[in-house]
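# Geometric and topological summary
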Amino acid sequence: MITTEPTPGVPCWLDLGAPDVPAAAAFYGTVLGWQYEPMEGGGEDMEGGMFRRDGKTVAGLGKLTEEGARSAWMIYYNVADADATTQAVEKAGGTVRVPPRDLGDWGRMAQFNDPQGGQFAVWQPGTDAGMELVEKPGSLSWTELYTSDADAAKKFYGDVFGWSYSDMALPDDAGAYSLITPEGLPEERMQGGIMPLPEEALALNNGKPYWHPVFNVEDCDAAIARVTASGGTVQMGPEDAEGVGRLAVCVDPSGADFVVLKPLES
């Protein structure tokens, strides 16, 4: 369970780098019912802004400017000290993509690669704690890492964030899915998972690991229909996951992957 409380090691923000900002805004508006609000001063070029659902901020959107980069969602984890986390990342074998920097008085951010190449980010809150809506339709409800070396990932992120894990055996001797619990929190505050996959199954990111968001939806099949009608594709599903709900792995028209999930009724 993810909350909007500013808790270290918990997802607190996510944003999408897209080659065509207006097209991405239209796609996610249709699929997830989001309203897009361009940043002040952005003008007609619409280089970036915020997604809202029911008046609450759920994510950010910006122009993809990094040469050779694929369109993807970047997940930010809350930290008390972005500089100390940067040191922990480097000590654990990761690399710095964007050094810690202040974004006005909103907070301090940094972006990293884990040792296998998976990208993630951290946010040290100032006046802005991050997402205002989670665990509701049209908002983030889970985060997931696909990786060919789950043991190395668990060691790295455990060293950096203090995460603990509980493993569930996957069918057909495919290893174990590792459920992530932030440091100092009970298991009911699990916020994500690590899925072991062979490198050939990571073709979307040229064999390197990648994080993606899981969005809560009211109807998985209806969400899939909106994805495909809007130019996206479905990588997997829809399928019913025991004890979880009905889900599908989707890719937007620019190649960014995400999951839609209709959770089981509690």
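Just so it is clear, the model here is predicted, and its values are computed rather than measured.

Here we take up the packing of aromatic side chains. The geometry of two aromatic rings is summed up by the distance between their centres and the angle between their planes. This model, assessed by the stated rule, comprises 26 aromatic pairs. On the basis of an interplanar angle of 75 degrees and a centroid distance of 6.2 Å, the ring pair of Phe27 and Phe258 is categorised as edge-to-face. One end of the pair, Phe27, is in helix 1 (residues 21–32); the other, Phe258, is in strand 16 (residues 257–263), with 231 residues separating them in the sequence. According to the relative accessible area criterion, Phe27 is buried, its value standing at 4%. Judged by relative accessible area, Phe258 falls into the buried class, the value being 0%. Plain terms: the ring middles of Phe120 and Tyr157 are 5.2 Å apart, the flat faces sit at 65 degrees to each other, and that makes the pair edge-to-face. With Phe120 in strand 8 (residues 119–125) and Tyr157 in helix 3 (residues 150–161), this residue pair connects regions lying 37 residues apart in the sequence. With respect to class, Phe120 is no different from Tyr157; both count as buried.

Turning our attention to the confidence of the model for the chain. Averaged over every residue, the pLDDT of the chain is 94; residues scoring 70 or more account for 97%. Confidence over residues 42–46 falls short of pLDDT 50; this stretch has four contacts with residues more than four positions distant or in other chains.

Within a sheet, each strand pairs with its neighbour through backbone hydrogen bonds, oriented either parallel or antiparallel. What the eight strands build is an open sheet, ordered 2-3-4-1-5-8-7-6; its pairing is mixed. Two strands bound the open sheet, and with one partner strand each, they are strand 2 (35–38) and strand 6 (95–103). Each adjacent strand pair in this sheet contributes to an overall mean axis angle of 25 degrees, direction not counted. Across six bridges, strand 6 lies against strand 7 (residues 107–113) in antiparallel orientation. In the strand pairing of strand 7, Val96 is matched with Phe112. Together, strand 6, strand 7 and strand 8 form the strand contacts of helix 2 (residues 82–91), whose direction differs from that of strand 6 by roughly 180 degrees.

Definitions and limits used
- Residues numbered from 1 in each chain as written.
- Predicted model: local features only at pLDDT ≥ 70, side-chain atom pairs only at ≥ 80, totals over all residues.
- Heavy atoms only, no water.
- Phe/Tyr/Trp six-rings, centres within 6.5 Å; stacked < 30°, edge-to-face > 60°.
- Helix = DSSP H or I, 4+ residues; strand = E, 2+ residues; numbered from the N terminus.
- Buried < 20%, exposed > 50% of the residue type's maximum accessible area, 1.4 Å probe, protein only.
- pLDDT = per-residue confidence, 0-100.
- Contact = heavy atoms within 4.5 Å.
- Pairing = 2+ DSSP bridges.
- Axes fitted to C-alpha atoms, helices over the stretch in contact; angles between N-to-C directions.

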